[in-house]
Amino acid sequence: MSTMQAAETIVPKPADDGKTALSRAGVLPAQALRALIKQGEIASDGEDITEAQIQPASLDLRLGRTAYRIRASFLPGAKATVREKLDQFAFHEIDLTNGAVLETGCVYLVPLQETLDLRATIAAFANPKSSTGRLDVFTRLIGDRQVSFDAIEEGYSGPLYAEICPRSFSIKVRTGSRLNQIRFRRRGSQPFQADERPGRVGDRALKELHTDLGLVEGEAAIREGLNLSINLAPASGAKLIGYRARRYAGVVDMDRIGEYAVSQFWETVEPDKDRRLVLDPHEFYILASKESVAVPPGYVAEMAPFDPLIGEYRVHYAGFFDPGFGYSEGGSPGAKAVLEVRSLDIPFILDDGQIVGRLVYDRLTEQPDTLYGQGIGSNYQGQGLKLSKHFK
């Protein structure tokens, strides 16, 4: 089957079936998000939601006016609101209107400008933006009476909050800063639990998708998703395989692009003659996958949660891949997966080519009207080993 034929079959344009992107099961694309905004299911208690916040299959969330320094992370549970818990655990308030520094090792809770009033068939899921994860800023979404982080149940109506904990660098944020993003899934006729994924692509279909469109170069290792391996061998002419965060390096302003010298905040990780890397406990590394990957236009992908069966480390904090990431019709996959790596409690040895994570793919309810990298200021299209956009 030719690439063009595959694109027509597996990545369909909107079907002429009388249905819209809001009436099929799967992840909602940008045009469906605009419809939810127009209908008031996604709203704002601050400034109006802007077009710049809308990504091909997700919406950037904006910090509100106040941050609360809290004693510890928490979930509200099924019977409480976040505000009720916040009254118990907040130490002090921080005004964000003119910008403020959030210190490493501290936990903050920030009410977001966006609010939800979802219909009964739509749930929401969140993750840090790529630039947030690459700065080792741990952030999670919380909603009233929710029992999980980063998961908002079907039919939710209420405010949203971001829990923020800078790990390596202190950060400066302000009202309107965008640290995390939210995406929406619609189920079919049957209810689903928060941890279920309508539109998830199974291994058999994923193999067919790879055969027809090419998710990686060459043979794909597919088992409960697309398996990715670590690259510890430098590219031709390169002298490094990654970066390790420096401690006590200074403050990063989350809204300043191309501002900071790499050497002030990062140590380079050079290749070992045995193509091996020992992860020091609790140190933060930026590494890259050996494979270049692609996400076809009708799909999204995310890095699966860390698997303790393959080692006591995690390889992502953001891990969401928009439709069109690394994809070129008729071309080879064109972007590495950048991995945010931390060994949890003990030193851990990685060898070049070792499987370290997996991408799981989901179908969109409709091909988005905008793709990643096509005129929307995408910072990581075609990336290799790359730090966040804040660095020169």
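Read on for a plain summary of the structure. (Residues numbered from 1 in each chain as written. Predicted model: local features only at pLDDT ≥ 70, side-chain atom pairs only at ≥ 80, totals over all residues. Heavy atoms only, no water.)

Digging into the pattern of salt bridges
- Throughout the structure, instances matching the rule amount to 26 salt bridges.
- In this structure, D362 engages R185 in a salt bridge whose closest nitrogen and oxygen atoms are separated by 3.1 Å. Linking D362 in strand β25 (residues 355–363) with R185 in strand β13 (residues 178–186), this pair joins segments that are 177 residues apart in sequence. Residue D362 shares its accessibility class with R185, and that shared class is buried.
- A salt bridge links D351 to R276; the nearest nitrogen and oxygen atoms lie 2.7 Å apart. Within this pair, whereas D351 is found in strand β24 (residues 348–351), its partner R276 is found in strand β18 (residues 276–279), the two being separated by 75 residues in sequence.
- Relative accessible area serves as the criterion here: at 28%, D351 is assigned to the partly exposed category.
- Classification of R276 as partly exposed rests on a relative accessible area of 38%.
- Within this structure, R183, R185, R200, E302 and D362 form a network of salt bridges that share partners. (Salt bridge = Lys/Arg side-chain N within 4 Å of Asp/Glu carboxyl O. Helix = DSSP H or I, 4+ residues; strand = E, 2+ residues; numbered from the N terminus. Buried < 20%, exposed > 50% of the residue type's maximum accessible area, 1.4 Å probe, protein only.)

Observations concerning the sheet that holds strand β12 (residues 170–173)
- The strand order across the open sheet built from three strands is β6-β12-β16, with neighbouring strands paired in mixed fashion. Looking at strand neighbours, the two that pair on one side only are β6 (100–102) and β16 (251–253), the edges of this open sheet. In this sheet, adjacent strand axes meet at a mean angle of 30° when their direction is disregarded.
- Bridge count between β6 and β12: three bridges; the pairing is antiparallel. Its bridge partner being in β12, L102 is matched across the sheet by I171. (Pairing = 2+ DSSP bridges. Axes fitted to C-alpha atoms, helices over the stretch in contact; angles between N-to-C directions.)

Observations regarding the packing of aromatic side chains
- Inspection of the entire model under this criterion finds 11 aromatic pairs.
- Relative to W266, the ring of F169 lies with its centre 5.4 Å away and its plane at 80°, an arrangement referred to as edge-to-face. Note that F169 is positioned in the loop between β11 (157–166) and β12 and W266 in strand β17 (residues 266–269), a separation of 97 residues in sequence. W266 carries the same exposure label as F169, and that label is buried.
- Between Y243 and W266, the ring centres sit 6.4 Å apart and the planes meet at 70°, which makes this aromatic pair edge-to-face. Here Y243, found in strand β15 (residues 242–245), pairs with W266, found in strand β17; they are 23 residues apart in sequence, far enough to count as distant. (Phe/Tyr/Trp six-rings, centres within 6.5 Å; stacked < 30°, edge-to-face > 60°.)

Considerations on the nonpolar core
- Residues L63, L116, L160, I164, I182, F184 and W266 are the most contacted members of the largest nonpolar core, which totals 54 residues.
- If we ignore the near neighbours within four places in the chain, the residues touching W266 are R134, F169, Y243, R244, A245, R246, F284, I286, L387 and F391.
- Listed in part, the 38 residues of the second largest apolar core include L226, L279, A294 and A335. (Core = buried A, V, L, I, M, F, W, Y, C linked by side-chain atoms within 4.5 Å. Contact = heavy atoms within 4.5 Å.)

Observations concerning the sheet that holds strand β14 (residues 226–229)
- The strand order across the open sheet formed by four strands is β14-β25-β20-β22, and the pairing between neighbours is antiparallel. Each edge of the open sheet is held by one strand with a lone partner, namely β14 and β22 (320–321).
- Relative to β25, strand β20 (residues 299–303) is paired through five bridges, and the arrangement is antiparallel. Residue Y299 lies in a different strand from β25, and its bridge partner there is R363.

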